[in-house]
Amino acid sequence: MSSSSTDDSSDVESWIEWFLLQEGHEFFCEVDRNYIEDNFNLYGLRNIIPNFRACLNIILDVADSHNIDHESIDQQAMDLYGLIHARYILTKRGMERMLRKYRIGEFGVCPVMECAGQPVLPVGLRDQLRYHEVMVYCARCNSVFYPAQKQQNYREENLDGAYFGSTFAHLLLMQYPALRPSSRRPTPGYVPRVFGFRVRSQNAPPPRSVDALEADYKKQKLSNDAGAVAPSTSGSQVAAPHAASRIKLGTA
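Draft legend 1. A look at the overall build of the chain. Summing up its helical and strand segments, the chain has 8 helices and 7 strands in all. Burial statistics for the chain: of 252 residues in total, 40% are counted as buried. Restricting the contact set of the chain to residue pairs at least 6 apart, pairs at least 24 apart contribute 62%.

Here it is in structure tokens:
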């Protein structure tokens, strides 16, 4: 636990509890300790976070941090918890915890009047640290905004968008289709992505199958072949005009 927390959090048992109680950390949910202790869930983070082991020990409350430089280690521990958090909220249990926050409006609502108070979800513009602070996504107008508390009260400390990732908000809406608003006002500019892939609009027609495309091609080819050669009155064959045609492939 940070040295700065000893005065106001003496009754808090763990670093995670202290961390979640800090002002501006309302978007975070509690990550299960057993999830953090599983090395599989931490794969690749050692190469991103300096002092990885020390930070992990601080998060799990298994080491005394009095002899550590808190000016650097506090931010590194926050980054580590944030990146673990971004992975955790993609799990079933993590989604359920974030869903509870969403349903009570803890992430805020869309500031656009036409959206009529549509609840929003936290989203990162990229999955990498230090790219951009966390934004909120409105499924009704398909736009991203700064969080309400950011607009109302400017704070020097910004939550990194990587703590929530670019996938979570859209994956949650895919897992719980009932959360999608009945009417959507599409707005160009922001492209929803899940694991880096663009999310197809719910109003877009479904992609055509390969079998359907092949059937259309064969039908068109037979029609062209039938009209390509026509018998003349003199018994000779005259080539009829042949217009080349192309089949438009449906786009996803």
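Draft legend 2. Spatial organisation of the state of the cysteines. Under the defined criterion, the tally for this structure stands at 0 disulfides. Unpaired in this structure, C110 has its nearest cysteine sulfur neighbour in C138, at a distance of 3.6 Å. The exposure class assigned to C110 is buried, which follows from its relative accessible area of 5%. Unpaired in terms of disulfides, C115 finds its nearest cysteine sulfur in C110, a separation of 3.7 Å. Its relative accessible area of 1% is what places C115 among the buried residues.

Draft legend 3. Molecular detail of the packing of aromatic side chains. For the structure shown, the criterion picks out 11 aromatic pairs. The interplanar angle of 70 degrees and the centroid separation of 5.1 Å between the aromatic rings of Y35 and Y88 together place this pair among those described as edge-to-face. In this pair, Y35 sits in helix 2 (residues 33–37) while Y88 sits in helix 4 (residues 70–88), placing the two residues 53 residues apart along the sequence. The burial state of Y35 is the same as that of Y88; both residues are buried. The structure contains a cluster of three or more aromatic residues connected by ring pairs, namely W15, W18, F19, F27, F28, Y81, F107, Y163 and F164.

Draft legend 4. Seen up close, the sheet that holds strand 1 (residues 121–123). Taken in spatial order, the 3 strands make up an open sheet running 1-2-3, and their pairing is antiparallel. Each having just a single partner strand, strand 1 and strand 3 (143–145) make up the two edges of the open sheet. Each neighbouring strand pair of the sheet contributes to a mean axis angle of 45 degrees, computed without reference to strand direction. Note: strand 1 against strand 2 (residues 135–138), 3 bridges, orientation antiparallel. Paired with P122 across the two strands is V136, which belongs to strand 2. Along the sheet, helix 7 (residues 168–175) contacts strand 1 and strand 2; its crossing angle with strand 1, the most-contacted strand, is approximately 140 degrees.

Draft legend 5. Spotlight on the pattern of salt bridges. Per the counting criterion, the structure on display carries 7 salt bridges. Here D32 makes a salt bridge to R97, at a shortest N to O gap of 2.9 Å. On the criterion of sequence distance, the pair formed by D32 in the loop between helix 1 (15–21) and helix 2 and R97 in helix 5 (residues 92–103) is long-range, its members being 65 residues apart. The burial state of D32 is the same as that of R97; both residues are buried.

Draft legend 6. Fine view of the nonpolar core. Judged by nonpolar contacts, the single largest core of 59 residues is most densely connected at W15, I36, L80, Y81 and F164. Going through the elements one at a time, helix 1, helix 2, helix 3 (52–60), helix 4, helix 5, strand 1, strand 2 and helix 7 are the ones with two or more residues in this core. In terms of residues, this core owes the most to one element, helix 4, which gives 8 residues. Those residues in contact with Y81, other than ones at most four positions away along the chain, are W15, I16, F19, L20, F28, C29, E30, V31, I36 and I59.

Draft legend 7. The side chain of T167, seen in detail. Relative to the helices and strands, T167 is located in the loop between helix 6 (148–152) and helix 7. Not counting residues up to four positions away in its chain, the partners in contact with T167 are L90, R193, V194, F195 and G196.

Draft legend 8. Structural detail: the pairing of strand 2. The alternating pattern of strand 2 places M135 and Y137 on one face and V136 and C138 on the opposite face, and all of these are buried. In this antiparallel pair of consecutive strands, strand 2 and strand 3, the connection spans 4 residues, and N142 shows a positive phi of 55 degrees.

Draft legend 9. Fine view of a negative patch on the surface. A cluster of acidic residues, E13, E17, E30 and D61, forms a negative patch on the protein surface. Note on placement: E30 falls in the loop between helix 1 and helix 2.

Draft legend 10. Structural view of the side chain of R140. Within the secondary structure layout, R140 lies in the loop between strand 2 and strand 3. One buried charged side chain, R140, makes no salt bridge at all; its nearest oppositely charged neighbour is E114, positioned 9.7 Å away. There is a polar contact of 3.4 Å between the side chain of R140 and the backbone oxygen of C115.

Cut-offs and rules
Residues numbered from 1 in each chain as written. Predicted model: local features only at pLDDT ≥ 70, side-chain atom pairs only at ≥ 80, totals over all residues. Heavy atoms only, no water. Helix = DSSP H or I, 4+ residues; strand = E, 2+ residues; numbered from the N terminus. Buried < 20%, exposed > 50% of the residue type's maximum accessible area, 1.4 Å probe, protein only. Contact = heavy atoms within 4.5 Å. Disulfide = S-S within 2.5 Å. Phe/Tyr/Trp six-rings, centres within 6.5 Å; stacked < 30°, edge-to-face > 60°. Pairing = 2+ DSSP bridges. Axes fitted to C-alpha atoms, helices over the stretch in contact; angles between N-to-C directions. Salt bridge = Lys/Arg side-chain N within 4 Å of Asp/Glu carboxyl O. Core = buried A, V, L, I, M, F, W, Y, C linked by side-chain atoms within 4.5 Å. Patch = residues over 30% accessible without salt bridge, like charges linked within 9 Å, V, L, I, M, F, W, Y side chains within 5 Å. Areas by Shrake-Rupley, 256 points an atom, 1.4 Å probe, with all protein chains shown as cover. Lys, Arg positive; Asp, Glu negative; His and termini not counted. Charge placed at Lys NZ, Arg CZ, Asp CG, Glu CD. Polar contact = N/O pair within 3.5 Å; in protein donor to acceptor, adjacent residues only side chain to side chain.

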